[in-house]
Amino acid sequence: MQRAAPQEFDRVLSSMCTQPHPAAREAAERFLATNPGDPATYQAVAALEEDALSYLGEITGLSAPHGYIASGGTEANIQAIRAARNHARDDDPNVVAPESIHFSFQKAADVLDVELRIVPVDSDYRASIGAVREATDDNTILVAGVAGTTEFGRVDPIPELTAIAHDVGALMHVDAAWGGFILPFTDHEWSFAHAPVDSLTIDPHKYGQAVVPAGGLLFRDKEVVDSLAVDTPYLESASQASLTGTRSGAGVASAAAAMRELWPDGYRDVYERQQANADWLYRELRARGYDAVEPELPLVAADLPDSEFASLRDLGWRISRTATGELRIVCMPHVTRESLRAFLSDLDDVRTD
Ligand code: PLP
């Protein structure tokens, strides 16, 4: 049998993942056969998970974070809702979130049998404070905001949403799965440092440049994460708060290695380079007459006729669209100015007007 070729990244403009940093790749290989789900047995990787958590705490402004390295943003979001539900013990719980929320919230609501109240965003694609306030009530267990939305790269008004959540006795969750490693270099108010947020998702396997799978889930209070724990009689370790049982030691070790290598200067360099790429691409698309959305983080969305979108995909560009049909280009660390120039040159060739 032939070996499958590894993923080529040159034309990948749609993914929230990227090539891992060489140090992350090397650490992953060394810890391939370890299971951080059983920390008493796999002590070396358990120590690396502690390192990874304290880096994530530093990045998000929380000095003693509780939590763990999850399989990704989906697991982290499911677990944030599960923790809020277990903590609140409400008979008829609901979660309030803007329509820009990632689809993992639908899975969470389904699995946990919690009502998901989706509210509109404002004209700049951010959660509408009024709509969130209106949707919350005494049964709201969690309000969620996004810091770096999947489709438009927007940051919700996290301090305001946190105040609304706490007014009704709910917890506040921030989904910074994609934005968490670049937001520290912006003026946005998004993290534990800016508001009394209760939990936060931040994924090393996105801008963190760790290998897949490596997600991050952080809690301010130990009591909340403890509400996730179940006893684990057959393991050397006594209990487990994660959703999956056996977990990827490769993901954990690579997350710790990537952050050791890149925080803060390496991540700052990537942010500055990719924000400049996104701003440049936005200007180029506008100059060609496309209706593009001004990027706030390194993600550009623009209206593109179906036929042009299809032709670009036929040329091998890995591109995707928002729910409302805009092309979205995510400037992840592997995306270069050269590849964006090649993309625009192909766009010029396939243009219909
Ligand atoms: N949250 C946000 C904001 C995301 O952009 C994504 C994925 O792109 C997720 C959650 C889900 O992450 P994962 O695919 O790692 O489960």
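Conventions adopted
- Residues numbered from 1 in each chain as written.
- Predicted model: local features only at pLDDT ≥ 70, side-chain atom pairs only at ≥ 80, totals over all residues.
- Heavy atoms only, no water.
- Pairing = 2+ DSSP bridges.
- Helix = DSSP H or I, 4+ residues; strand = E, 2+ residues; numbered from the N terminus.
- Contact = heavy atoms within 4.5 Å.
- Axes fitted to C-alpha atoms, helices over the stretch in contact; angles between N-to-C directions.
- Buried < 20%, exposed > 50% of the residue type's maximum accessible area, 1.4 Å probe, protein only.
- Salt bridge = Lys/Arg side-chain N within 4 Å of Asp/Glu carboxyl O.
- Core = buried A, V, L, I, M, F, W, Y, C linked by side-chain atoms within 4.5 Å.
- Parallel < 35°, antiparallel > 145°, perpendicular 65-115°, else oblique.
- Nonpolar A, V, L, I, M, F, W, Y, C, P; charged D, E, K, R; others polar.

Draft legend 1. Main features of the sheet that holds strand S11 (residues 299-302). Pairing is antiparallel in the open sheet, where four strands are placed in the order S10-S11-S13-S12. What marks the edges here is a single partner per strand, and that holds for strand S10 (292-293) and strand S12 (320-321). For S10 and S11, the ladder comprises two bridges, and the chain directions are antiparallel. What sits directly across from Val293, in S11, is Ala301. Lying over the sheet, helix H9 (residues 265-287) contacts S10, S11 and strand S13 (327-330), oriented at roughly 15° with respect to S11.

Draft legend 2. Region of interest: the pairing of strand S7 (residues 215-219). Of all five residues in S7, five are buried; the element is thus mostly enclosed. Along S7, one buried face is formed by Gly215, Leu217 and Phe219 and the opposite face, lined by Gly216 and Leu218, is buried too. As defined by bridge partners, strand S1 (residues 66-70) adjoins S7 across five bridges and the pair is classed as antiparallel. Residue pairing for S7: Gly67 is matched across the bridge by Leu218. Pairing analysis gives three bridges linking strand S6 (residues 199-201) to S7, with the strands arranged antiparallel. Its bridge partner lying in S7, Thr201 is registered against Leu217.

Draft legend 3. Quick peek at the pattern of salt bridges. This model, assessed by the stated rule, comprises 14 salt bridges. Between Glu284 and Arg288 there is a salt bridge, with the nearest N and O atoms lying 2.8 Å from each other. We classify Glu284 as partly exposed; its relative accessible area is 24%. The partner of Arg321 in a salt bridge is Asp306, with the nearest N and O atoms 2.8 Å apart. Remark: Asp306 occurs in helix H10 (residues 306-314) and Arg321 occurs in strand S12; sequence separation between them is 15 residues. A residue is classified by how much of its surface remains accessible, and Arg321, at 33% relative accessible area, is partly exposed. Note on Asp306: relative accessible area 56%, which makes it exposed. Each of Asp124, Arg126, Arg154 and Glu296 takes part in a single network of salt bridges with overlapping partners.

Draft legend 4. Structural detail: the nonpolar core. Judged by nonpolar contacts, the single largest core of 61 residues is most densely connected at Val132, Met172, Val174, Trp178, Phe181, Met259 and Tyr267. Those elements that provide at least two residues to this core are helix H1 (22-30), helix H2 (43-60), helix H5 (129-135), helix H6 (158-167), strand S5 (171-175), helix H8 (249-262) and H9. Sort the elements by how many residues they give to this core and H8 lands first, with eight residues. Once you skip the residues sitting within four places of it in the chain, Val132 turns out to touch Val96, Val119, Ala127, Val143, Leu161 and Ile164. Grouped together as the second largest cluster of nonpolar side chains are 25 residues, Ile78, Ile81, Leu142 and Val146 included.

Draft legend 5. The arrangement of the packing of H8 against H9 in detail. Following both chains from N to C, one finds H8 and H9 inclined at 80°, their axes separated by 6 Å at the closest point. Compared by their axis directions, H8 and H9 come out roughly perpendicular. Between H8 and H9, the contacting residues are Ala258, Met259 and Leu262 on the first element and Asp265, Gly266 and Tyr267 on the second. In the contact of H8 with H9, the residues fall into four nonpolar, one polar and one charged.

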